[in-house]
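One-letter residues, chain by chain:
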Amino acid sequence: MSFSILQHQSHIPSQFIWPDDERPGAETPPPLDVPPVDLGGFLSGDPEAVANAARLIDQACRSHGFFLLVNHGIDAALIDRVHAATTSFFAMPLADKERAHRKPGEPCGYASSFTDRFSSKLPWKETLSFRYSADPNLAGIVQTYFSQTMGEDYKAFGRVVEEYCSEMSGVCLKVMEVLGISLGVGADWFREFFKGNDSIMRLNYYPACQEAHAALGTGPHCDPTSLTILHQDQVAGLQVFVDQQWHSITPNPHAFVVNIGDTFMALSNGIYKGCLHRAVVNGAAARKSLAFFLCPKTDRIVRPPPQLGGARLYPDFTWAALLEFTQKHYRADAKTLDAFVAWLQRDS
Ligand SMILES: O=C(O)CCC(=O)C(=O)O
């Protein structure tokens, strides 16, 4: 089975139909007021621009953890090339995409709901996820992955997505400087923590859906990772749950949507929060988004900077343990961290 077959049927299979109280419905929710953070201004060192960026990020991250990054310095042509590569990957016949098949319990590879570990409330989407590492010893990891799984024809594809990941890793480290300043621990602490990060990139493809109001592209979840940098195409779909209601995030090709994930929430000792978000699908148009999930090195101990003070909200853990928990034991939601802590402490 594949989406290209399902799209020609008048109804979608019941596994894709979400319960009444969880489905998006016909109305587009009000837009979320997400502050635009001027990264170029911050990097210029101008004291007013630095203070402004830190203030906007602080306000956003204390309430919902979402903000826009503008004047980010990433070449628009590179972003376009990754969108084009994404379109051509998902346009291939299923058998070709399956060469990168994602195995159950693993974070990387091609996945669709037809290969999902769940059997209800299925997402109407296909994804291609892969590992990126900023460790110089692992340079070329993305290109190697694509050459090995998809064949030598995929070398150019690997090169363009590797370049994009490397740029995203760089942007994340700059955002870490702002987060360090806004949390009062200085520009270096979080940037150093994520040096040599071991991150995940995911290309999301949401086919047009004939019952879009009853389905979801990505169900409500919080990201277990540290920081997400998302570029969405012109088709709206990202929604965020703030103040007990869903809000949309209007596409802006010049901006990245950034959000805090559970691991950063733990690193900030709960001061900064992520929040539930989801992606709705569209009745007429397919939608794409490019998501870079910043993660620490897998064995790095996640522990807030001592300068933050205050009673610890979460025990020490490694990203490897949280990743395993969300891949094998738990479907990420608003309570992932609490459930993870209970799981960590289950035998003690
Ligand atoms: O496609 C989107 O806008 C959101 C994607 C997302 O939340 C995810 O991949 O975790």
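What you see is a predicted model; the values in this text were computed from it and never measured.

What counts and how
Residues numbered from 1 in each chain as written. Predicted model: local features only at pLDDT ≥ 70, side-chain atom pairs only at ≥ 80, totals over all residues. Helix = DSSP H or I, 4+ residues; strand = E, 2+ residues; numbered from the N terminus. Rg over C-alpha atoms; globule rule 2.2 N^0.38 Å. Buried ≥ 20, exposed ≤ 12 C-beta atoms within 10 Å, placed from the backbone. Contact = placed C-beta atoms within 7 Å. Near = placed C-beta within 6 Å. Nonpolar A, V, L, I, M, F, W, Y, C, P; charged D, E, K, R; others polar. Core = buried A, V, L, I, M, F, W, Y, C linked by C-beta atoms within 7 Å. Axes fitted to C-alpha atoms, helices over the stretch in contact; angles between N-to-C directions. Parallel < 35°, antiparallel > 145°, perpendicular 65-115°, else oblique. Expected span 1.5 Å × (residues − 1). Pairing = 2+ DSSP bridges. Left-handed = near helix turned anticlockwise from the far one by under 90°.

All right, on to the overall build of the protein chain then. The number of helices and strands found in the protein chain is 11 helices and 14 strands. Here the protein chain has a C-alpha radius of gyration of 19 Å; the compact-globule value for 348 residues is 20 Å, and the two agree. Counting only C-alpha atoms, the protein chain reaches 55 × 45 × 45 Å along its principal axes. Classification of the 348 residues of the protein chain by burial places 43% in the buried group. Considering only contacts within the protein chain whose residues lie at least 6 apart along the sequence, 73% involve residues at least 24 apart.

In the neighbourhood of the ligand, the contacting residues comprise Arg202, Asn204, Thr218, Asp223, Leu230, Gln232, Gly237, Leu238, His277, Ala279, Ser289 and Ala291. A breakdown of the residues in the shell around the ligand according to their chemical character gives 4 nonpolar, 6 polar and 2 charged.

Ranked by size, the top nonpolar core spans 91 residues in total, and within it Ile57, Cys172, Ala215, Ile229 and Val257 carry the most contacts. Of the residues forming this core, the biggest block, 12 residues, is contributed by helix H7 (residues 155-182).

This brings us to the packing of helix H3 (residues 47-63) against H7. As a packed pair, H3 and H7 sit with axes 9 Å apart at the nearest point and diverge in direction by 80°. It follows that H3 is roughly perpendicular to H7 by the angle criterion. Of the residues in H7, those touching H3 at Val50, Ala53, Ala54, Ile57 and Asp58 are Val178, Leu179, Ile181 and Ser182. Here the contact of H3 with H7 is built from residues that sort into 7 nonpolar, 1 polar and 1 charged.

Next up on the list: helix H4 (residues 76-90). If you check H4, its first and last C-alpha atoms are 21 Å apart, about what 15 residues at 1.5 Å a residue would give, namely 21 Å. The inward-facing, buried residues of H4 contact helix H5 (94-97), strand E4 (126-133), H7, strand E5 (198-206) and strand E12 (287-294).

A separate point is the sheet that holds strand E8 (residues 238-242). Pairing is antiparallel in the open sheet, where 4 strands are placed in the order E6-E11-E8-E9. In this open sheet, the two edge strands, each paired with only one partner strand, are strand E6 (218-221) and strand E9 (245-248). Looking at each pair of strands side by side, their axes are set apart by 20° on average, direction ignored. Strand direction decides the pairing type here: E8 and E9, joined by 4 bridges, are antiparallel. Bridge assignment links valine 242 to a residue of E9, and that residue is glutamine 245.

Our focus in this paragraph is the packing of H4 against H7. Between H4 and H7, the shortest axis-to-axis distance is 10 Å and the interhelical angle comes to 130°. As the angle between them shows, H4 and H7 are arranged oblique. The two elements H4 and H7 cross, and the hand of that crossing is left-handed. Residue-level contacts link Leu78, Arg81, Val82 and Ala85 of H4 to Phe157, Val160, Val161, Glu163, Tyr164 and Glu167 of H7. In terms of residue class, the contact of H4 with H7 is made up of 7 nonpolar, no polar and 3 charged.

The quantities given are spatial measurements derived from coordinates; they are silent on function.
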